[in-house]
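Observations on chain architecture
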Amino acid sequence: MLIAFASFLSCSCCEKNQHNLEMFRSLSVIKWALKSHWLQEKAKERTSLCDFTLPPLGMPRRAAWSRSAPPGISKREMAVSGGRHWTGKADPFGVMAASLVSQLSDQQKKNESPLSWFGGVYLPPAPHPLNKTLVKGGKWKDVDSTQEKRRSFLHDFCKKYNSRKQLRTHLVHLVSRIYVEDRHKVLYCEVPKAGCSNWKRVLMVLNGLAASAHNISHDDVHYGKHLRKLDSYDLKGIYTRLNTYTKTIFVRDPMERLVSAFRDKFEHANSYYHPVFGKAIIKKYRHNANEEALKTGSGVKFKEFIQYLLDSHRPVGMDIHWEQVSKLCYPCLINYDFIGKFETLEEDANYFLQLVGAPAELKFPKFKDRHSSDERTSAEVVRQYLKELSKEERQLTYDFYYLDYLMFNYTSPIV
């Protein structure tokens with residue numbers, strides 16, 4: 001890095017000066033991202049309760065970074081404001097950043113600076129056509145037509161929503177919910193309560209880790225750590241996969257997803273959600289709570305859960321099961337090739353499997369992952385739960401998921 005810096009100072013060519021300056025900015029930002037990611041991984045080892053919620057979309061970069069700056073990284077290093085001198089210390093993260101930049105070809109360095117991976121991720125170009133050469137038979141015509149409309153709708157929405165903004169986030173955060181299947185070059189962004197358990201089973205079969213999706217238990221799916229996430233790869237690996245793999249996301253009506261999450265986590269025995277979320281919710285929102293409820297966290301009411309969700313000072317952080325899809329998968333920053341919906345899960349999933357060349361015998365599982373005797377969370381079930389809320393609470397809950405409704409063209413509920 002010192003040699004490169006000397007070259008920068010002595011270079012008389014303006015164009016080369018600009019290129020070197022960009023590289024130093026890149027190194028500084030990548031170094032910060034690496035250290036931030038390392039600190040987060042250490043924090044995860046210490047506690048499972050930490051909430052690494054990203055700043056809202058559109059927050060100015062400097063404000064967002066200043067709130068989450070890791071120890072040892074100065075504001076000057078984070079801002080990368082264009083100053084001509086780099087003052088960072090020589091540390092392992094800086095060395096790693098330089099090493100990562102050196103892995104890129106000259107053409108990659110010329111065409112797209114690593115700074116753009118971290119400093120700002122911009123609206124992707126128009127969706128490229130899906131590769132349909134592996135699709136057999138004509139029965140998928142209607143599904144394909146629907147898919148093209150969804151892709152076009154999301155792209156147009158993102159283009160309009162971001163017309164006056166440059167959305168800025170960090171690549172490691174951006175891809176933290178994306179699972180990787182290298183054999184068929186698939187990236188799947190996990191949206192809980194939208195068929196994600198069975199999707200993980202399918203990915204395990206595609207990856208040769210199981211012969212059938214029906215023989216994989218719930219614990220193996222969620223706790224077996226058989227699948228890799230995209231943020232576990234180095235920067236070059238992330239960048240390459242994002243640009244060459246087929247990226248998919250499956251979503252669900254936001255209110256149905258919310259009620260489904262509540263029923264699953266709070267209406268059945270649960271050794272994590274009751275003591276961690278239930279106790280905190282009951283303590284803050286239930287007046288005259290009895291000792292048993294405060295001790296176990298069991299018996300949370302839907303109205304209490306909504307009070308927690310809408311509280312800007314929640315007693316415990318957010319959870320992926322009810323986090324907005326816009327903050328889980330960043331659909332306006334990652335150009336997803338395929339958008340499936342829970343409402344048409346089976347046909348969407350099986351069409352996608354054909355697109356990526358999955359074995360003909362592999363079909364998306366139909367079974368319910370847990371609580372199979374319970375009625376599925378339908379629109380009618382949701383209406384019964386919403387009756388427990390005031391009109392204002394219903395409106396605020398809809399507002400909370402407003403972007404998800406708009407992005408995926410869901411009909412807003414009558415509140």
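Residues numbered from 1 in each chain as written. Predicted model: local features only at pLDDT ≥ 70, side-chain atom pairs only at ≥ 80, totals over all residues. Heavy atoms only, no water.

Take the pairing of strand 4 (residues 246-251) next. Summarising burial for strand 4: five of the six residues are buried, a large majority. As judged from the four bridges shared by strand 2 (residues 186-189) and strand 4, these two strands associate in the parallel manner. Bridging from a neighbouring strand, Tyr 188 pairs with Thr 248 of strand 4. Across four bridges, the pairing between strand 4 and strand 5 (residues 338-341) is parallel. Of the residues in strand 5, the one forming a bridge with Thr 248 is Phe 338. (Buried < 20%, exposed > 50% of the residue type's maximum accessible area, 1.4 Å probe, protein only. Helix = DSSP H or I, 4+ residues; strand = E, 2+ residues; numbered from the N terminus. Pairing = 2+ DSSP bridges.)

Our focus in this paragraph is the packing of aromatic side chains. If you walk through the whole model with that rule in mind, you get 28 aromatic pairs. Taking the centre distance of 4.9 Å and the plane angle of 80 degrees together, the rings of Phe 400 and Tyr 401 count as edge-to-face. Judged by its relative accessible area of 18%, Phe 400 falls in the buried class. If you follow Arg 228 out to its NZ or CZ, it ends over the ring of Tyr 233, 3.7 Å from the centre. Of note, Arg 314 hangs over the ring of Tyr 308, and the distance from its end group to the ring centre comes to 6.0 Å. (Phe/Tyr/Trp six-rings, centres within 6.5 Å; stacked < 30°, edge-to-face > 60°. Lys NZ or Arg CZ within 6 Å of the ring centre and 35° of its normal.)

This part is about the sheet that holds strand 4. Ordered in space as 3-1-2-4-5, the five strands form an open sheet in which the pairing is mixed. The two strands at the open ends of the sheet, each matched to only one other strand, are strand 3 (228-229) and strand 5. Relative to strand 2, strand 1 (residues 178-181) is paired through four bridges, and the arrangement is antiparallel. If you follow Val 180 over to strand 2, its bridge partner there is Leu 187. The strands touched by helix 18 (residues 345-355) are strand 2, strand 4 and strand 5; relative to strand 5, the strand with the most contacts, the crossing angle is about 155 degrees. (Contact = heavy atoms within 4.5 Å. Axes fitted to C-alpha atoms, helices over the stretch in contact; angles between N-to-C directions.)

Moving on to the environment of His 222. Assignment of secondary structure puts His 222 in helix 11 (residues 218-223). Residue His 222 is classed as partly exposed on the basis of its relative accessible area of 26%. Each C-alpha atom of the pair His 222 and Cys 196 lies 9.8 Å from the other, and the pair is 26 residues apart in sequence.

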